[in-house]
Amino acid sequence: MTTIVSFDPASSSTLPYPQPAAIDPAVCVLPLLLHRVPAGFPSPADEYVEKGLDLNTYLVRNKVATYFFRVVGDSMTGAHIHDGDMLVVDRSIEPKHGHIVLAVINNEYTVKRLSICDGVVELHAENPAYPPIRFKEHEELQVWGVVVGTVARFAV
């Protein structure tokens, strides 16, 4: 059976070890509208302001265990994670089947969906051009953290 272990930075000296997310006390709180926005016919909603939204509070659940990573590549486009997006990764969450995880394989970071079925552990890309990464019996999968969100910027 493959073992899933937390990544130990002491076990590798070549991977960069990022700093945790810092929540700035001078946050930018933007208005949050009470109603959902339809993607069809426009509706005036100015009088339905609920409260402010701080994206740090919304995306960061555990600030001492949360890190940001920039995505490179297209293996996760089916999960709406694209090249250049920013991943929000929480190290305090126990990885489970179906989670998108940041893993360390052969001393390199990769982001994939964790699959655990009948004791078989695999990492699946969300792009059919990439095959699953399979782990053999008695191999260890090092999970760095669980992806809890993404931040994408549109080209404008």
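Refer to the structure printed above.
Nothing here was measured: the structure is a model prediction, and the numbers come from that model. (Residues numbered from 1 in each chain as written. Predicted model: local features only at pLDDT ≥ 70, side-chain atom pairs only at ≥ 80, totals over all residues. Heavy atoms only, no water.)

Asker: Quick one: what's the story with the side chain of Asp 90, residue by residue and with numbers?
Answerer: Relative to the elements of secondary structure, Asp 90 occurs in strand β5 (residues 86–90). Despite its burial, Asp 90 pairs with no opposite charge, the nearest such side chain being Arg 61 at 5.8 Å. Residues within four places of Asp 90 in sequence aside, it is in contact with Arg 61, Asn 62, Ala 65, Thr 66, Gly 145, Val 146 and Val 148. (Helix = DSSP H or I, 4+ residues; strand = E, 2+ residues; numbered from the N terminus. Buried < 20%, exposed > 50% of the residue type's maximum accessible area, 1.4 Å probe, protein only. Lys, Arg positive; Asp, Glu negative; His and termini not counted. Salt bridge = Lys/Arg side-chain N within 4 Å of Asp/Glu carboxyl O. Contact = heavy atoms within 4.5 Å.)

Asker: Which residues make up the pattern of salt bridges, and what are the values?
Answerer: One pass over the full model with this rule turns up two salt bridges. The shortest N-O distance in the salt bridge between Glu 122 and Arg 134 comes to 2.7 Å. Of this pair, Glu 122 sits in strand β8 (residues 120–124) while Arg 134 sits in strand β9 (residues 133–134), and the two are 12 residues apart along the sequence. The exposure class of Glu 122 is buried, given its relative accessible area of 12%.

Asker: Would you mind going over the nonpolar core in detail, with residue names and values included?
Answerer: In this structure, Phe 69, Ile 81, Leu 87, Val 89, Ile 100, Val 111 and Trp 144 are the most contacted members of the largest nonpolar core, which totals 14 residues. Of all the elements in the fold, those that place two or more residues in this core are β4 (66–70), β5, β6 (100–105) and β10 (140–151). Sequence-distant contacts of Val 111, that is, excluding residues within four places in its chain, are made with Ser 75, Met 76, Leu 87, Ile 100, Val 101, Leu 102 and Val 147. (Core = buried A, V, L, I, M, F, W, Y, C linked by side-chain atoms within 4.5 Å.)

Asker: So what's going on with the pairing of β8? Which residues, and what values?
Answerer: Where strand β7 (residues 108–117) meets β8, five bridges bridge the pair, whose relative direction is antiparallel. Bridge pairing in β8 links Leu 114 to Leu 123. Between β7 and β8, which follow one another and run antiparallel, lie two residues, and Asp 118 among them has a positive phi close to 55°. Inspection of the sheet shows β8 paired to β9 by two bridges, in the antiparallel sense. When the sheet's bridge partners are listed, Leu 123 is paired in β9 with Ile 133. (Pairing = 2+ DSSP bridges.)

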